[in-house]
Amino acid sequence: MARLLLLVCVLFFVGYGVNAAVVEHTFNVGNLTVQRLCESRIITAVNGKFPGPTIHAHEGDTVIVHVINNSPYNMTIHWHGIFQLLSGWADGPDMITQCPVVPGNRYTHKFNITGQEGTLWWHSHISILRATVYGALIIRPRSGTHGYPFPKPYKEVPIMIGEWWNANVVDVENEAIQSGGAPNISDAFTINGQPGDLCRCSSKHTYKLEVVQGKTYMLRIINAALNNQHFYKVAGHTFTIVAVDASYTMPYTTDVIAIAPGQTVDALMVANAPPANYYMAAIPYISAANIIFDNTTTTGIVRYKSSPSKAPPIMPSMPAFNDTPTANQFYSSLLGLIKPGMQTVPLDVDEHMFVTIGLGLAPCGPNQPKCQGQALAASMNNVSFQFPTKMSLLEAHYKNIPGIYTSDFPNNPPITFDYTNASAIAANPALQSTAKGTRLKRVKYNATVEMVLQNTAILGIENHPMHLHGYNFFVLAQGLGNYNASSDVKKYNLVHPQLRNTVAVPAGGWAVIRFRADNPGVWIMHCHLDVHLTWGLVTVFEVENGPTPSTTLPPPPPDYPTC
Ligand code: C2O
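These numbers were taken from a predicted model, which means no experiment stands behind them.

The rules behind each value
- Residues numbered from 1 in each chain as written.
- Predicted model: local features only at pLDDT ≥ 70, side-chain atom pairs only at ≥ 80, totals over all residues.
- Heavy atoms only, no water.
- Core = buried A, V, L, I, M, F, W, Y, C linked by side-chain atoms within 4.5 Å.
- Buried < 20%, exposed > 50% of the residue type's maximum accessible area, 1.4 Å probe, protein only.
- Helix = DSSP H or I, 4+ residues; strand = E, 2+ residues; numbered from the N terminus.
- Contact = heavy atoms within 4.5 Å.
- Phe/Tyr/Trp six-rings, centres within 6.5 Å; stacked < 30°, edge-to-face > 60°.
- Pairing = 2+ DSSP bridges.
- Axes fitted to C-alpha atoms, helices over the stretch in contact; angles between N-to-C directions.
- UniProt positions renumbered as here; feature names shortened; annotations may be inferred.
- Domains from an automatic or database assignment.
- Salt bridge = Lys/Arg side-chain N within 4 Å of Asp/Glu carboxyl O.
- Polar contact = N/O pair within 3.5 Å; in protein donor to acceptor, adjacent residues only side chain to side chain.

A. Region of interest: the nonpolar core. One finds Ile221, Tyr232, Ile241 and Ile257 to be the most contacted residues of the largest nonpolar core, which totals 41 residues. With five residues, the single largest contributor to this core is strand β18 (residues 277-285). Ignoring anything within four residues of it in the chain, the contact list for Ile221 reads Ile159, Ile161, Tyr232, Ile257, Ile259, Gln263, Thr264, Val265 and Ala267. Within the second largest apolar cluster, 33 residues are counted, among which are Leu359, Val475, Met525 and Leu537.

Below, the structure written as structure tokens:
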């Protein structure tokens, strides 16, 4: 009898691991009152939690999330890094794949998770609301945790870095839009929603991780901050990086992690330090010069279970805020782990794009009553993206409705200049002017797209984390200064480049990405610094249908939000 029971259990677990399941959630978006930094605030949150609920799924599963908007704001939710194969209607960016879910309304997102494993996340994709509307989305291998290409960790813990304002974030954003300037800086950063006890009134608002001596922990680190990249360390411990952006990497050992908004890093950490209390800490990585920024440190505490120590935690020595060499070292050292059956780098390129990215200036708009002269803007190939207002791009694309957008996003910048030479640029102020437009890049189904992302020094240099929806891309090379086709092509890693959904393009430098456009639909690509998204550091790919029903975008679901 016992043996029969055992057999049944084994069959159950094997079956459970192999068969695709349906993972269903209801997300109630509404007001939540929380205490932070000595003050009581009303924030927008999902299911009364901050950060919101974690979604756990296995590769192959179907995810269904019923989003019910009980908040006072228009809402959309995006599943960051999910391919959305033939389910672009569920992707979530406001006015790109859907109109907002207005207060009192609801929308059910349904998608399959195919061919990706690791740490992703979900967040609001309208205005600045992702400051508090976000959570982790964890995909385990179909066969369960023994499908990892590394020894199964003892425990897995999400580490979500966030950014906190004492003011209502919608007010912060509106003020910036009206003035045409930069938004007020944040008041703190957070780890799993907690600022940590170096901040005022925060000893109770400190994330704590209890560890058992000798065990391995997988930290699933997510940068959900809005406008800042981060350095992350744990005193007394080193990490082995095994994945980024839900793509496995070759093991990479480091004691410091650089992570940009939109990126994730899976880091194995062995609890092998002398039993004591240790701080984990994150500080902003500031790649731009001469700006004011939130220079606070967020912390959590790693406590050894066996430790009788009541001593204060040991603080890691952090890099300088502007330690660009350390950031570049981390970002450029990672190598992808190509497993059998995985897509390798496509070698024939159909679409060669060279795209400048950076800041600029635009005439004040009608919604900017407090703007004087020019407003801050940002652009790709000098197009500062303008979001449509009448209809989502995906709906216009699907129904062939003219007048919403044009399919003429340029493959090259309008003029060639010395992109990263600050003094030459300063001598030619005309370079600062951008032109607004809703211009899309149309590509054929299955085309291979290569894009050189070239940072400019217009209004200063900065590292821009560029995120693409609907795909992962290979990061073939990155470097400083101006990209030089004849010499830099030789640096391409075509064998095991990192595969990511967000690349931190080096400050004053460039990165080359390549992907196959095998997912028909309309996919936004943008800087994941929230303020730059607002300023127009955005473009959109319009990917045509393939020749068969299984390569054609199906119709929208019945409850699809229109405007
Ligand atoms: Cu994480 Cu378009 O976003």
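B. Structural detail: the packing of aromatic side chains. Taken as a whole and assessed by the stated rule, the structure comprises 25 aromatic pairs. Both rings, one in Phe330 and one in Tyr331, keep their centres 6.3 Å apart while their planes meet at 75 degrees; by these two values the pair is edge-to-face. A single burial state applies to Phe330 and to Tyr331, both of which are buried. Look at Tyr471 and Phe515: their rings are 5.0 Å apart centre to centre, the planes differ by 40 degrees, and that puts the pair in the tilted class. On the criterion of sequence distance, the pair formed by Tyr471 in the loop between β26 (464-468) and β27 (473-480) and Phe515 in strand β30 (residues 509-516) is long-range, its members being 44 residues apart.

C. Focus on the sheet that holds β18. Taken in spatial order, the five strands line up as β11-β19-β18-β13-β16 in an open sheet, and their pairing is mixed. At either margin of the open sheet sits one strand with a lone partner, and together these are β11 (207-211) and β16 (257-259). Ignoring which end each strand starts from, the neighbouring axes of this sheet average 20 degrees apart. As paired strands, strand β13 (residues 229-234) and β16 are joined by three bridges and run antiparallel to one another. Looking at β16, one finds that His230 is bridged to Ile259.

D. Spatial organisation of the UniProt feature "domain: Plastocyanin-like" (unreviewed entry) in the protein. Look at the UniProt record and you will see "domain: Plastocyanin-like" (unreviewed entry) annotated at residues 29-143, 156-306 and 409-545. As annotated, residues 409-545 comprises 11% helix and 41% strand, and the C-alpha atoms at either end are separated by 19 Å.

E. Up close: the domain arrangement of the protein. Domain annotation for the protein reports domain 1 (18-140), domain 2 (155-333) and domain 3 (351-551). Here the C-alpha centroids of domain 1 and domain 2 sit 22 Å apart. The interface is formed by 28 residues belonging to domain 1 together with 38 residues belonging to domain 2. Summed over the shared surface of domain 1 and domain 2, the number is one salt bridge. Between Arg140 and Glu156 there is a salt bridge, with the nearest N and O atoms lying 2.7 Å from each other. For the pair domain 1 and domain 2, the number of links is 14 residue pairs in polar contact (both at pLDDT 80 or more). Counting residues per element, the ones that place at least two in the side of domain 1 that touches domain 2 are β1 (22-36), β2 (39-46), β7 (118-124) and β8 (134-140). Element by element, the count of residues in the side of domain 1 that touches domain 2 is highest for β8, at five residues.

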